[in-house]
Amino acid sequence: MARFTEIGTATIPGKGTRLRLLQRNDEFSIKIAGTTGELMNSRIHGSEDALATLACERIADQPAPRVLIGGLGMGFTLAAALAALGDDAQVTVAELVPEVEAWNRGPLGSAAGNPLNDPRARVHVGDVAELLRNSDGEWDAILLDVDNGPEGLTRKENDWIYSPDGIAAAQKALRPDGILAYWSAGQEHSLTERLRRAGFSVEPVTVRALRPGKGARHVIWLAW
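Now for a look at the structure at hand. What you see is a predicted model; the values in this text were computed from it and never measured.

1. Re the overall build of the chain
Check the secondary structure of the chain and you find six helices and 11 strands. A globule of 224 residues ought to have a C-alpha radius of gyration of about 17 Å, and the chain, at 16 Å, matches this closely. Referenced to the eigenvectors of the C-alpha coordinate spread, the extents of the chain come out at roughly 50 × 35 × 35 Å. By residue count, 51% of the 224 residues in the chain fall in the buried class. Pairs at least 24 apart in sequence give 63% of the contacts found in the chain among residues at least 6 apart. Distance between charge centres in the chain, computed from 24 positive and 29 negative side chains, equals 6 Å.

2. With respect to helix α2 (residues 76-84)
Along α2, the residues that are buried comprise Phe76, Thr77, Leu78, Ala80, Ala81 and Leu82. Turning to α2, the residues buried within the fold contact α1 (46-56), β5 (66-70), β6 (90-95), β7 (121-125) and β8 (139-144).

3. Some points on the pattern of salt bridges
For the structure shown, the criterion picks out 11 salt bridges. Notably, a salt bridge pairs Arg43 with Glu27, separated by 3.6 Å at the nearest N-O pair. Of this pair, Arg43 sits in the loop between β4 (40-41) and α1 while Glu27 sits in strand β3 (residues 27-32); the two residues are 16 residues apart in sequence, bridging distant segments of the chain.

4. Examining the sheet that holds β3
Here we have four strands laid out as an open sheet, ordered β1-β2-β3-β4, and antiparallel in their pairing. Two strands close off the open sheet at either side, each with one partner strand: β1 (5-11) and β4. In this sheet, β4 lies alongside β3 in antiparallel orientation, the contact comprising two bridges. Pairing of Ser29 across the sheet is with Asn41, part of β4.

The rules behind the values
Residues numbered from 1 in each chain as written. Predicted model: local features only at pLDDT ≥ 70, side-chain atom pairs only at ≥ 80, totals over all residues. Heavy atoms only, no water. Helix = DSSP H or I, 4+ residues; strand = E, 2+ residues; numbered from the N terminus. Rg over C-alpha atoms; globule rule 2.2 N^0.38 Å. Buried < 20%, exposed > 50% of the residue type's maximum accessible area, 1.4 Å probe, protein only. Contact = heavy atoms within 4.5 Å. Lys, Arg positive; Asp, Glu negative; His and termini not counted. Charge placed at Lys NZ, Arg CZ, Asp CG, Glu CD. Salt bridge = Lys/Arg side-chain N within 4 Å of Asp/Glu carboxyl O. Pairing = 2+ DSSP bridges.

Quick look at the structure:
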């Protein structure tokens, strides 16, 4: 079997942690330098797809829906959101690491079908927290997959998104009848309680990482 080859590196702003983009034939992997395991793999994206599909199916009938995605990753959540929405939709992805956008416009883009080429897609290079703090009733759906879940793995600052202040900012950024969705590698009951205390109705949904019935169990929180 062919070995992975490093084809790109990037440093997470404010953290110093280095990301590595690896390729083996048509398979891609993103890892944190100096650690074992993967942050993401292009063959395992069922739960990233589900994050978009579960949320966007609830707003697909809205006129000209606007969607904010926190975290571009390998582009699978963006691709699934675009597939679930009509031609009048606009999907903005906030990506903190500029190189991740470049990878998705380069060799990595083919993995998810080059969703950044879709005219409905926009990229904001920066922290999604900035957009949440500065938005007021702008988004029909907010999809957040910025780390490993409520416990920040790549960047401690990401914990704010799951805090009461972060939840309040996301709530303010939503349009009436909007949907807020979080991705996590595992269950976190305290997030469910924080969302409920903020006044949301909450549904945690267990999904599989690879495809229905296959792969690790991840969790999507839907809050409205």
